[in-house]
Amino acid sequence: MLVERKICPSCNRADFVQLHETPYSDRELAEFLSAYYTKAEPIAQAKALQGGAFVILECRACGLYFQRDVPDDDFSAEIYGNWLGEDDPLAPHKPPMPVAYYSLMAAEVMQIIVFLQKRTGTNRRLRFLDFGQGWGYWSQMARSFGVDVCGIELSPKKVAYAKSVGLNIVEISDLEHCQFDFINTEQVIEHVAEPRRVVERLKKYLAPGGVIKLSVPDGKDMVQTLNSWNWMNSLARQEAIMPIHPLEHLNCFTSDSLTHMAELCGLKRISVPLITCYAYSTDWSSLKLIAKNILRPIKRFKLNKGCYALFSHRI
Ligand SMILES: [Zn+2]
């Protein structure tokens, strides 16, 4: 079933502007969902969404955009476990991703390791937590560079795969006495109904000097998109609505609202030196990648723009 969020899940205020509303009973929205969720049974889908609406609110206090009506835990498990089907291009039985996918991951891991080694002044094995580990490719990459990695993942199928390749899977309740040098959340915080509470909890497991990464879709164009949005034949245009995809991307951040939420959690945004980013960028095989390698660190760490951001304890 759907649950209504009555306060902003970032700043806890209740002063909103409504940006969009379409009831889930709307035929075109229902068609979009049926086309997207290939394994959802139509009657079960209608029943689960009964009485709810795709309502997007903008918090006047912190600028977060968020879905008012969100799936409860059981419904979320149904969506991620059954509705999505087997279409995951990252699944291990599918063909590999392009080399650029892996080289970008390798570059990120190297940049973080070198940054943390300089920051902590040590060459001991670093401890990483991959929160929302997925199939575990990022964890495997970090492990290959000598890091001790723990992962947390909800999907039983992904957990089974991660265990089959020897990854260390833990529950959040196992972490009570753990301290991590780096906590990775890649495309995770936008999915949870209580993002601030999740980040506050993760912060408890951050070692002194440790770093947490919050990386989410960038919702900078969302107001403009919603102003002219309609659901007719919308599957072909789904990329535009992706940052606030119904039932999944429950929270839609901009660079500012992401930083604001982190600050409310007692964190501050930090930067990796450009020289470290450039030294460990790996794939210079096309003009497009060369431009990305040069511009991405400037955007992230000089201009503090975009929704890939690193944070550490404020004090
Ligand atoms: Zn707010």
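Residues numbered from 1 in each chain as written. Predicted model: local features only at pLDDT ≥ 70, side-chain atom pairs only at ≥ 80, totals over all residues. Heavy atoms only, no water.

Engineer: Describe the coordination of the zinc ion, listing the residues and the values that go with them.
Structural biologist: Coordination sphere of the zinc ion, protein contribution only: Cys-8 (SG), Cys-11 (SG), Cys-59 (SG) and Cys-62 (SG), at 2.3 Å. Each of the four donor atoms bound to the zinc ion contributes to angles spanning 101 to 119°, and the resulting shape is tetrahedral. The sequence pattern describing where the donors of the zinc ion fall on their chain is C-x2-C-x47-C-x2-C. Here Cys-8 matches Cys-11 in class, with each residue buried. (Donors = N, O, S within 2.8 Å, 3.2 Å for Na, K, Ca; no water. Tetrahedral: all angles 85-135°; square planar, octahedral: opposite > 155°, others 65-115°. Buried < 20%, exposed > 50% of the residue type's maximum accessible area, 1.4 Å probe, protein only.)

Engineer: Explain the pattern of salt bridges residue by residue, including any values.
Structural biologist: When the charged atoms of two side chains with opposite charge come close together, those side chains can pair. Counted by the stated rule, this structure contains 12 salt bridges. Linking Lys-6 and Glu-4 is a salt bridge whose minimum nitrogen-to-oxygen distance equals 3.9 Å. The exposed category is assigned to Lys-6, whose relative accessible area is 59%. Classification of Glu-4 as partly exposed rests on a relative accessible area of 42%. Here Glu-31 and Arg-27 are joined by a salt bridge, their closest N and O atoms 3.2 Å apart. Here Glu-31 pairs with Arg-27, and both are found in helix α1 (residues 27-36), just four residues apart, close to one helical turn. Here Glu-31 falls in the partly exposed class, since its relative accessible area comes to 44%. Here the salt bridges do not stand alone but share partners, grouping Glu-108, Glu-186 and Lys-213 into one network. (Salt bridge = Lys/Arg side-chain N within 4 Å of Asp/Glu carboxyl O. Helix = DSSP H or I, 4+ residues; strand = E, 2+ residues; numbered from the N terminus.)

Engineer: I'd like a description of the sheet that holds strand β2 (residues 16-23), backed by residues and values.
Structural biologist: The strand order across the open sheet formed by four strands is β2-β3-β4-β11, and the pairing between neighbours is antiparallel. At either end of the open sheet lies a strand with only one pairing partner, and these are β2 and β11 (251-252). Alignment of strand β4 (residues 65-67) against β11, held across two bridges, turns out to be antiparallel. Note on β11: the bridge partner recorded for Tyr-65 is Cys-252. (Pairing = 2+ DSSP bridges.)

Engineer: Which residues make up the environment of Leu-57, and what values do they have?
Structural biologist: Checked against the element boundaries, Leu-57 lands in strand β3 (residues 53-59). Once residues within four sequence positions are removed from consideration, Leu-57 is found in contact with Phe-16, Val-17, Gln-18, Leu-64, Tyr-65, Phe-66 and Arg-68. (Contact = heavy atoms within 4.5 Å.)

Engineer: Give a description of the domain arrangement of the protein that names residues and reports values.
Structural biologist: Split into domains, the protein comes out as domain 1 (2-89 + 220-244) and domain 2 (99-218 + 251-313). Each of domain 1 and domain 2 has a C-alpha centre, and these two points are 26 Å apart. Tallying the contact residues gives 19 residues for domain 1 and 18 residues for domain 2. When the area that domain 1 buries against domain 2 is broken down by residue, the three leading residues are Ser-10, Lys-220 and Pro-243, summing to 31%. Where domain 1 meets domain 2, there are zero salt bridges. The interface formed by domain 1 and domain 2 includes seven residue pairs in polar contact (both at pLDDT 80 or more). (Domains from an automatic or database assignment. Buried area = accessible area lost by both parts, 1.4 Å probe. Polar contact = N/O pair within 3.5 Å; in protein donor to acceptor, adjacent residues only side chain to side chain.)

Engineer: Outline the environment of Leu-84, listing residues and values.
Structural biologist: Topologically, Leu-84 is positioned in the loop between α3 (73-83) and α4 (99-120). Taking relative accessible area as the criterion, Leu-84 reaches 26% and is therefore assigned partly exposed. Spatially, the C-alpha atom of Leu-84 lies 7.6 Å from that of Ala-40, the residues being 44 residues apart in sequence. In contact with Leu-84, other than residues within four places in its own chain, are Tyr-36, Tyr-37, Thr-38, Lys-39, Ile-79 and Glu-248.

Engineer: Kindly report on unusual backbone geometry, identifying the contributing residues and their values.
Structural biologist: The phi angle of most residues is negative, glycine excepted, and most peptide bonds adopt the trans form. A positive phi angle, near 55°, is found at Gln-187, a position not held by glycine. Position of Gln-187 among the secondary structure elements: in the loop between β9 (180-186) and α7 (195-203). Relative accessible area serves as the criterion here: at 32%, Gln-187 is assigned to the partly exposed category. The phi angle at Asn-233 is positive, at roughly 50°, despite the residue not being glycine. Position of Asn-233 relative to the elements: it lies in the loop between α8 (222-227) and α9 (238-241).

Engineer: Can you explain the sheet that holds strand β7 (residues 148-152)? Please cite residues and give values.
Structural biologist: One open sheet accounts for seven strands, arranged β8-β7-β6-β9-β10-β13-β12; its pairing is mixed. This sheet does not close on itself; its edge strands, each paired only once, are β8 (168-169) and β12 (267-270). Pairing of strand β10 (residues 206-215) with strand β13 (residues 308-313) involves four bridges; the strand directions are antiparallel. Paired with Ile-212 across the bridge in β13 is Phe-311. Contacts from α4 reach β6 (127-131), β9, β10, β12 and β13, with the element oriented near 155° to β10. (Axes fitted to C-alpha atoms, helices over the stretch in contact; angles between N-to-C directions.)

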